[in-house]
Structures are given as C-alpha cells and as structure tokens.
Amino acid sequence: MISLIIGIMVSLVVTIVGTPLLIKLVHKLNYGQYIRQDGPKSHLVKRGTPTLGGVVINLAVVLGWCSSALYRFLTRGEVPSWSAVLVLFAMLSMGLLGFIDDFAKVRKKQNLGLSVHAKFIGQFIFATIYAVLALIIPTKSGFPSAQAGMSFIEKPFFDFRFAGGVAAAIIFVIWVNFLMTARTNAVNLTDGIDGLAASVTFVVMAFFTVAGVLWSTYGIQALFPAAMAGGLAAFF
C-alpha cells in the first residue's frame, strides 16, 4: 500500500509542478492550439490554448510508476516484470503519436496535424508491436503476458486457438489493434469535446487501482493505474 501512495503522490506532484512550467514554455515558444476557421465561432476563443499537455502526464506516470517500483525493490527485492514494462510501452507509444500530432499542428500553424492515414498507420504499428510482445514476453509465473483470445478478467471466454496457432496469433493482433485504436481515439474525441479527458480517465484508473489491490499479488498490478490516477487528479 505504501508503494501505491508513493506512486500517486510522485505523479501528482510532478503534474502540479510540471504543468505550469510547460504552459510557460508553450507560451514562450508560441505553441498554442489552432482552431478550424470553418467551425463554430464560439470555438475561436480557444485559440492559443496551451497544447502538448500529454507530455507532463506521461512523464508523471512514468516517474510515479518508477518510484513505486523502486520502493518495492528496495524493501522487498521485487523486480518489475517485463509485462509491466509492456503496459508502459503501450501508453508511451500512443503518447508519442499524440505528441507528434500536436507538434505538427503548432509547426504548421493550423488545426490539422497528422493525417488520418498517418495516425492509423502509427496506431497499427504500435498496437501490432504490443500484441506480438504480449504473446511472447512471459510474466513472473512463466505464462505469456496475454493469451490469444477475448478475455474479461483473466482467462479468455473466447479462445482464438480454435483456428490454429498462427491464425490465433493473427486474429489476436487484429483484435488488439481494434481495441487500442478504438480506445485511443475515444479518449482523443472526449478530450476534444470536454477540453480534457482527465475526469473520465481518472474514474477508470481509480477502478483499476482498486481492482489491482484486491485481485493481484501484493497489489502489483495497481502500480500503473495508481500512478495514472495521481497524475490526472492534479487537473481537478
């Protein structure tokens, strides 16, 4: 439990301290949000709003998670599993794509960053890498980080292996691509509508933190969502 509190507090402090610094830097570099001229006139007031905020959130989560992991290593000798690092990869890879999109907007000085095709290609590449690694990288128990199938909590309720080993892996990669692309774009759309998807994502991460504490060994699966929730809480 102490490791979770450390992760939450570190992530929270990094976001609280880092966000104003990023805003100052963005204003200094004149990297503000650009608004489509063919949209509602009421949206024009948002022109110049600081962008690239995901940089601070990603940094806060990484530092929060690393702080929790470091505490567990120093007190228990517990080394983070590669499957945990894989979760960070999923976040950072999609975060990198978002950074490139935002940076392209401010460079072009227009609301259009990456093209739709470029975004989907990037999401496809990162999601495919994640899916393949999830089938290869083992957990501490020796089992793969993911099983080729649709699962609700742990064991798949629909196993893709009925189609054979290779076909199961291909179907799983397609399934993961669908999930990651759908969820990434859903959060992006929510962020565009609400101005910040922090409130919605915080609730989800809080649930996974509680679930990780209750259902995982020593709450190890709660480290990432706890760090994420802590970083997002700074925006309330």
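Everything that follows concerns the structure shown earlier in this document.
Our subject in this report is the structure included herewith. The shown structure was predicted, so the numbers you read here are calculated from the model rather than taken from an experiment.

1. Comments concerning the overall build of the protein
Part 1 of the reasoning: Check the secondary structure of the protein and you find seven helices and two strands.
Part 2 of the reasoning: The helix and strand sequence of the protein, counted from the amino end, reads α-α-α-α-β-β-α-α-α.
Part 3 of the reasoning: Out of the 236 residues belonging to the protein, those deemed buried represent 35%.
Part 4 of the reasoning: Accessible area of the protein: about 14100 Å², with a carbon and sulfur share of 72%.

2. Structural notes on the packing of helix H6 (residues 198-215) against helix H7 (residues 223-233)
Part 1 of the reasoning: Taken N-terminus to C-terminus, the directions of H6 and H7 make an angle of 150 degrees; their axes are 8 Å apart at the nearest point. It follows from the interaxial angle that H6 and H7 lie roughly antiparallel. Classified by chirality, the crossing of H7 by H6 is left-handed. For the pair formed by H6 and H7, the contact residues are Ala198, Thr201, Phe202, Met205, Ala206, Phe208 and Thr209 on the first element and Pro225, Ala226, Met228, Ala229, Leu232 and Ala233 on the second.
Part 2 of the reasoning: Residue composition of the contact of H6 with H7, by class: eleven nonpolar, two polar and no charged.

3. Thoughts on the side chain of Ser11
Part 1 of the reasoning: The topology assignment puts Ser11 in helix H1 (residues 2-29).
Part 2 of the reasoning: Engagement of the side chain of Ser11 in a polar contact is seen with the backbone oxygen of Ala227, the distance being 2.6 Å.
Part 3 of the reasoning: Among the polar contacts made by the side chain of Ser11, one reaches the main-chain amide nitrogen of Gly231 at a distance of 2.9 Å.
Part 4 of the reasoning: Every residue in contact with Ser11, bar those within four places of it in the chain, is listed here: Ala60, Val61, Gly64, Ala227, Gly230 and Gly231.

4. Things to note about H7
Residues spaced three or four apart along an α-helix point in a common direction, a consequence of the helix completing one turn every 3.6 residues.
Part 1 of the reasoning: When you tally the buried positions in H7, you get ten out of eleven residues, the bulk of the element.
Part 2 of the reasoning: Every buried residue of H7 is listed here: Leu223, Phe224, Pro225, Ala226, Ala227, Met228, Ala229, Gly230, Gly231 and Leu232.

5. Examining the pattern of salt bridges
Part 1 of the reasoning: Within this structure, the stated rule accounts for two salt bridges.
Part 2 of the reasoning: Here Arg72 and Glu78 are joined by a salt bridge, their closest N and O atoms 2.7 Å apart.
Part 3 of the reasoning: Glu78 gets classed as buried once you look at its relative accessible area, which sits at 15%.
Part 4 of the reasoning: Two residues, Lys119 and Asp101, come together in a salt bridge whose shortest N-O distance is 3.6 Å. Here Asp101 lies in helix H3 (residues 82-108) and Lys119 lies in helix H4 (residues 116-136), a separation of 18 residues in the sequence.
Part 5 of the reasoning: We classify Asp101 as buried; its relative accessible area is 7%.

6. Some points on the packing of helix H2 (residues 54-76) against H7
Part 1 of the reasoning: Two numbers describe how H2 lies on H7: the axes approach to 8 Å, and their chain directions differ by 135 degrees. What the angle tells us is that H2 and H7 run oblique. Handedness of the H2/H7 crossing: right-handed. Listed contacts from H7 to Ile57, Val61, Gly64, Trp65, Ser68 and Arg72 of H2 are Leu223, Phe224, Ala227, Met228 and Leu232.
Part 2 of the reasoning: The class makeup of the residues in the contact of H2 with H7 is eight nonpolar, two polar and one charged.

7. With respect to the packing of aromatic side chains
Each aromatic ring pair is summarised here by two numbers: the centre-to-centre distance and the angle between the ring planes.
Part 1 of the reasoning: Taken as a whole and assessed by the stated rule, the structure comprises three aromatic pairs.
Part 2 of the reasoning: Between the aromatic rings of Phe89 and Phe126, the centroid separation amounts to 6.5 Å while the plane-to-plane angle is 80 degrees, which identifies the pairing as edge-to-face. Of this pair, Phe89 sits in helix H3 while Phe126 sits in helix H4; the two residues are 37 residues apart in sequence, bridging distant segments of the chain.
Part 3 of the reasoning: The exposure class assigned to Phe89 is partly exposed, which follows from its relative accessible area of 27%.
Part 4 of the reasoning: With centroids separated by 5.4 Å and ring planes inclined at 65 degrees, the aromatic side chains of Phe207 and Phe208 adopt a geometry described as edge-to-face.
Part 5 of the reasoning: Note on Phe208: relative accessible area 42%, which makes it partly exposed.

8. Quick notes on H2
Part 1 of the reasoning: Taking 1.5 Å per residue as the helical rise, H2 with its 23 residues ought to reach 33 Å, and the 32 Å between its terminal C-alpha atoms agrees with that figure.
Part 2 of the reasoning: Turning to H2, its buried residues number three or more, namely Val56, Ile57, Asn58, Ala60, Val61, Gly64, Trp65, Ser68, Ala69 and Arg72.
Part 3 of the reasoning: Downstream of H2 by a residue or two, Gly77 has a phi angle that is positive, lying close to 70 degrees.

9. A look at the environment of Phe143
Part 1 of the reasoning: Structurally, Phe143 is set in the loop between H4 and strand S1 (149-151).
Part 2 of the reasoning: With residues near it in sequence (within four places) discarded, Phe143 still touches Ile137 and Pro138.

What counts and what doesn't
- Residues numbered from 1 in each chain as written.
- Predicted model: local features only at pLDDT ≥ 70, side-chain atom pairs only at ≥ 80, totals over all residues.
- Heavy atoms only, no water.
- Helix = DSSP H or I, 4+ residues; strand = E, 2+ residues; numbered from the N terminus.
- Buried < 20%, exposed > 50% of the residue type's maximum accessible area, 1.4 Å probe, protein only.
- Areas by Shrake-Rupley, 256 points an atom, 1.4 Å probe, with all protein chains shown as cover.
- Axes fitted to C-alpha atoms, helices over the stretch in contact; angles between N-to-C directions.
- Parallel < 35°, antiparallel > 145°, perpendicular 65-115°, else oblique.
- Left-handed = near helix turned anticlockwise from the far one by under 90°.
- Contact = heavy atoms within 4.5 Å.
- Nonpolar A, V, L, I, M, F, W, Y, C, P; charged D, E, K, R; others polar.
- Polar contact = N/O pair within 3.5 Å; in protein donor to acceptor, adjacent residues only side chain to side chain.
- Salt bridge = Lys/Arg side-chain N within 4 Å of Asp/Glu carboxyl O.
- Phe/Tyr/Trp six-rings, centres within 6.5 Å; stacked < 30°, edge-to-face > 60°.
- Expected span 1.5 Å × (residues − 1).

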